[in-house]
Amino acid sequence: MQKPVYVIGRFRLDPLARELRRDGELVTLPASAFDCLVYLVEHRQRPVGKDELIAAVWGRTEVSDNLLAQHIVRLRRLWEGDVSCIRTVPRVGYHWVAETAVETVEPDAPMHERGEAEHTAAAEDAAVADLPAPPRRRRSAWIAGLALAACALLAAGWWWWHARGPAPASSASAPAALVVVLPAKVQAEGEWGWLRYGVMDIVANHVRAAGLRTVPSETVVALSRDGAFGDEDEGKRPFDATWQVAPEVKFLDGRWSIHLGLRSAQGHADAIDVIAKDVLAAAKQASDALVRRLGVPGVVAAQSPTPLDDWLSKVAAARLENQIDQAQKVLDGVPEAWRDDPKIEYARAVLECDRGERDACEKRLRELLARLDQEHSKDLALRGRAQLTLAMRYAGAEQLDRAAPLLDGAIQLLEQAKASDELANAYLNRAWLAQSQDKLDLAMTYLGKGRATYTLTGNVFGMARADFDMGLIAAKQGQLDSAMVFLQRAYDQDARYGARTMLPAELDGMASVAKQQLKYRDELAITDRFWPLSADLVDVHMRRELTFVRAIALADNGRMLEASSLAHQLLREIDPREDAMLAAEVPALLAQMAWEMGDDAEAVRQARQAMAQQDGLDQQDRSAAWLVQVRALARGGHADEAAKEAERFAAWAGKQPPGDGDWPPLYADLAQAELVAAKDAPRGLVLLEGLLARARKEGVPALIVDVGSSYAAALLKAGQADQALTVSGTLSAWAQDDVRVVALEARIYQALGHDDARDKALQRARLLAGERPLPSH
């Protein structure tokens, strides 16, 4: 069956491969923007209504027109200067009007004959699970949560360990084929459970050694636990891999039978059957036959894993099952000839790390590295792994100065060894280390390297994790549009491949970014994607986190009763000793809600409760809670107390490190400036004008509107309505979403005598306010 490829001037659009190329270069688009483009092009014979387009792309109609319009603007910019592509049809929607040619290509060509576009598509569609799981993040403590999660998972034993196999072939020479080997079905009595993952791992190692890209075994295990592979559906394919291999192992009449069921991306079926007395020999013979069947004869003889590598697959299989004692038992039974091999020493060190025996693990790793240096070992990959493992042990113990040079050295070794997956993991660990030291630009550099390496090896989970981390850093730096692109791309990849455990954290991040962009309807729509919470989500901590995210989105959209109900439900469930962050963040939310509802006493009470948790709030959240407290005290008639609180706020902000940009000192200065403006308007207005310039420099909409609305209100109170209108105009970009901006416009229009404009603004403001009273100052 042929597939269409659309040619629009310098661009080629391949819907099946999900690729857009300009002059042969791949153009990166968010998944939803790409889907908008495809739908418009495929329906170019007529205008497409907004509701139709939204339903086609997002699967529902409650997505805001603003979000759709952003995608249309992004698409139009791609064609600027070339052709007119998307025409707006008033009161209808959009019409694709660019001249479009249609080519057809054959998707069923043999894998070695496919073109570059399909090779790239395959590279985008593999997966890995040897990265840490997503951090259990607070909305405003992403980077700290990342570090804690990484260390916790290292301590639990999820070391990026590939000791049982050789370094994969260089990605520059590797064929584009992607192979996924599933867990084996085992029919054998006795202690043969390790064969489920052991045979899978042996086959995958042999295929990888032949130069074909394989989905890492850790990824397959993670997906199988997530329900991505169904025994009831033999054709279920969570990957767009070139080949899917399903092993079956049976012990019959004293001999081992291994069957490798083979299915191509086009549905072609094949099989390989081998019988031998030894199960490892049978697995190796089946793997060699598989490599030949896949079309790379002659390579396996030179690069095939050694018998030791295959034997170590027993240890790897036990570790994949988190059966550390069984792994140790296998390792203790190592044949005498291999007992002193450096790979065995490394395996022993890793198991010590798995059991939390940090000192023993570090001692063995140091001795192993010294031995490898003394013997002038040419096994660069093993040296790199050992150095990486030791570096992360130091990092887990917060010895970052010892970890950094070791990690840099590990990267150099793994680069020389061309150990792609391990190298990508090292890059991401180096990025985490840079984040821990507030070197965010350096972290982005290493994340970019990691993602590029994962892309070359077809490692979708690795790509998604790199995107996720880059999204966190971009948000931290105030680059919110980029942050949303990264987070959406991570979500799309993980959703596509059934990595359900990753999705809540990604949606959490996306909702937080939408909030900072003041896109409150989009924020609520994002939470609709996980609300109500599924019964399958058994992680209590994550359930509470997502409940909190939902409460914030409801409050931002004026649904205060629902938000308050969820917040108080959380307060009843939370033990502050176990979850200090949430125990502080929920009262901070309630303080903000009380301030917006006009209850100053409750706002002060909740803000103080939030700040009483010493380790509960990060810099931004503490700053916001402190600002609410000062404002509520001042509005409630406690000017002297407000002034003292503002002084304490300023003293605290002056001591904070610059990790969160200008937020703490800016909010502290805003609290002071508002108090000054209430007594000395000219001086206060000068201070507020300067603060608005600083907020614009930060570039975060939430910060700009916080300061700008305060400045405009002070101008209006001082009788300078014209100047207030000018400031309000600079905030008008958010007038469709933020009630403060629209209510401010209404008051300014009233002061200027523009009654019609005031009435229209009031009507919009009431819609945005929901259950909240309109802001009056």
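Parameters at a glance
Residues numbered from 1 in each chain as written. Predicted model: local features only at pLDDT ≥ 70, side-chain atom pairs only at ≥ 80, totals over all residues. Heavy atoms only, no water. Helix = DSSP H or I, 4+ residues; strand = E, 2+ residues; numbered from the N terminus. Buried < 20%, exposed > 50% of the residue type's maximum accessible area, 1.4 Å probe, protein only. Contact = heavy atoms within 4.5 Å. Areas by Shrake-Rupley, 256 points an atom, 1.4 Å probe, with all protein chains shown as cover. Core = buried A, V, L, I, M, F, W, Y, C linked by side-chain atoms within 4.5 Å. Axes fitted to C-alpha atoms, helices over the stretch in contact; angles between N-to-C directions. Parallel < 35°, antiparallel > 145°, perpendicular 65-115°, else oblique. Left-handed = near helix turned anticlockwise from the far one by under 90°. Pairing = 2+ DSSP bridges. Phe/Tyr/Trp six-rings, centres within 6.5 Å; stacked < 30°, edge-to-face > 60°. Expected span 1.5 Å × (residues − 1). Salt bridge = Lys/Arg side-chain N within 4 Å of Asp/Glu carboxyl O. Nonpolar A, V, L, I, M, F, W, Y, C, P; charged D, E, K, R; others polar. pLDDT = per-residue confidence, 0-100.

A. Summary view of the overall build of the chain. Scanning the chain from terminus to terminus reveals 33 helices and 14 strands. Taking all 777 residues of the chain together, 57% fall into the buried category. Across the chain, contacts joining residues at least 24 apart in sequence account for 63% of those joining residues at least 6 apart. Accessible area of the chain: about 32,300 Å², with a carbon and sulfur share of 50%.

B. Expanded view of the nonpolar core. Ranked by internal contacts, the top residues of the largest apolar core, which has 140 residues, are Phe649, Tyr667 and Leu688. The leading source of residues in this core is helix H30 (residues 701–717), at 11 residues. Counting residues in each nonpolar core, the second largest holds 42 residues, with Val199, Val207, Leu212 and Ala317 among its members.

C. Examining the side chain of Asp706 more closely. On the secondary structure map, Asp706 appears in helix H30. In contact with Asp706, other than residues within four places in its own chain, are Arg631, Tyr667, Leu670 and Arg740.

D. Just the packing of helix H26 (residues 619–635) against helix H27 (residues 639–653), in detail. Two elements in contact, H26 and H27, have axes separated by 8 Å at closest approach and are oriented at 160°. By the angle between their axes, H26 is roughly antiparallel relative to H27. At the point where H26 passes H27, the crossing takes the left-handed sense. In contact with Gln619, Arg622, Ser623, Trp626, Leu627, Gln629, Val630, Leu633 and Ala634 of H26, H27 contributes Ala639, Glu641, Ala642, Glu645, Ala646, Arg648, Phe649 and Trp652.

E. Spotlight on the sheet that holds strand S7 (residues 93–96). The 3 strands lie next to each other as S5-S7-S6, forming an open sheet whose pairing is antiparallel. If you trace the sheet from one side to the other, it starts and ends with strand S5 (48–49) and strand S6 (86–89), each paired once. Of the pairings in the sheet, the one linking S6 to S7 comprises 4 bridges and is antiparallel in character. Bridged to Thr88 within S7 is Tyr94.

F. Spotlight on the packing of aromatic side chains. The full count for this structure, using the stated rule, is 6 aromatic pairs. For the ring pair Phe251 and Trp256, a centre distance of 4.7 Å and an interplane angle of 50° mean the geometry is tilted. For Trp256, a relative accessible area of 4% puts it in the buried group. For the ring pair Tyr427 and Tyr446, a centre distance of 6.2 Å and an interplane angle of 35° mean the geometry is tilted.

G. Spotlight on the pairing of strand S9 (residues 178–181). Burial of S9 is two-sided: the residues Leu178 and Val180 facing one way and the residues Val179 and Val181 facing the other way are all buried. Pairing analysis gives 3 bridges linking S9 to strand S12 (residues 243–252), with the strands arranged parallel. Counted as the bridge partner of Val180 is Gln244 from S12.

H. Region of the structure containing the environment of Gly450. Here Gly450 shows up in helix H17 (residues 440–457). Given a relative accessible area of 0%, Gly450 falls into the buried group. Residues Gly450 and Ala426, spaced 24 residues apart in sequence, show a C-alpha to C-alpha distance of 7.9 Å. Look past the residues within four positions of Gly450 in its chain and what remains in contact with it is Ala424, Tyr427 and Leu428.

I. Spotlight on helix H16 (residues 420–436). Along its 17 residues, H16 runs 24 Å from first to last C-alpha, staying within 8% of the 24 Å computed at 1.5 Å per residue. In terms of burial, H16 is largely enclosed, as 16 of its 17 residues are buried. Backbone geometry just downstream of H16 places Asp438 in the positive-phi region, at approximately 60°.

J. A look at the pattern of salt bridges. All chains considered together, the criterion is met by 35 salt bridges. Residue Glu422 pairs with Arg385 through a salt bridge whose shortest N-O separation is 2.2 Å. Taken together, the residues Glu422 in helix H16 and Arg385 in helix H14 (residues 380–396) connect sequence positions 37 residues apart. As far as burial versus exposure is concerned, Glu422 and Arg385 are alike and both buried. A salt bridge links Asp469 to Arg465, with the nearest nitrogen and oxygen atoms 3.0 Å apart. In this pair, Asp469 and Arg465 both sit in helix H18 (residues 460–476), 4 residues apart, roughly one turn of the helix. When salt bridges that share partners are traced, they join Glu345, Arg348, Glu352 and Arg364 into one network.

K. Focus on the packing of helix H19 (residues 480–496) against helix H20 (residues 503–516). Relative orientation of the contacting elements H19 and H20 amounts to 155°, with a least axis distance of 9 Å. Here H19 lies roughly antiparallel to H20, going by the angle between them. Read as a crossing pair, H19 and H20 show a hand that is left-handed. Here Leu480, Ala483, Met484, Leu487, Gln488, Ala490, Tyr491, Asp494 and Ala495 of H19 lie close against H20, whose contacting residues are Leu503, Glu506, Leu507, Gly509, Met510, Val513, Ala514 and Gln516. Among the residues making up the contact of H19 with H20, the classes are represented as 12 nonpolar, 3 polar and 2 charged.

L. View of the side chain of Glu352. Along the chain, Glu352 falls in helix H12 (residues 342–354). In contact with Glu352, not counting residues within four places along its chain, are Glu357, Ala360, Cys361 and Arg364.

M. Highlighting the confidence of the model for the chain. Mean pLDDT over the chain works out to 80, with 82% of the residues at or above the 70 mark. Confidence drops under a pLDDT of 50 for residues 231–236, and excluding neighbours within four residues, the segment shows 10 contacts in the predicted structure. Taken together, the stretch residues 298–302 has pLDDT below 50 and engages in 4 contacts with residues farther than four places along the chain or on a different chain.

N. The arrangement of H20 in detail. Over its 14 residues, H20 extends 20 Å from the first C-alpha to the last, a length consistent with the 20 Å expected when each residue adds 1.5 Å. Of all 14 residues in H20, 13 are buried; the element is thus mostly enclosed. Immediately beyond the C-terminal end of H20, within one or two residues, lies Leu518, with a positive phi of roughly 65°.

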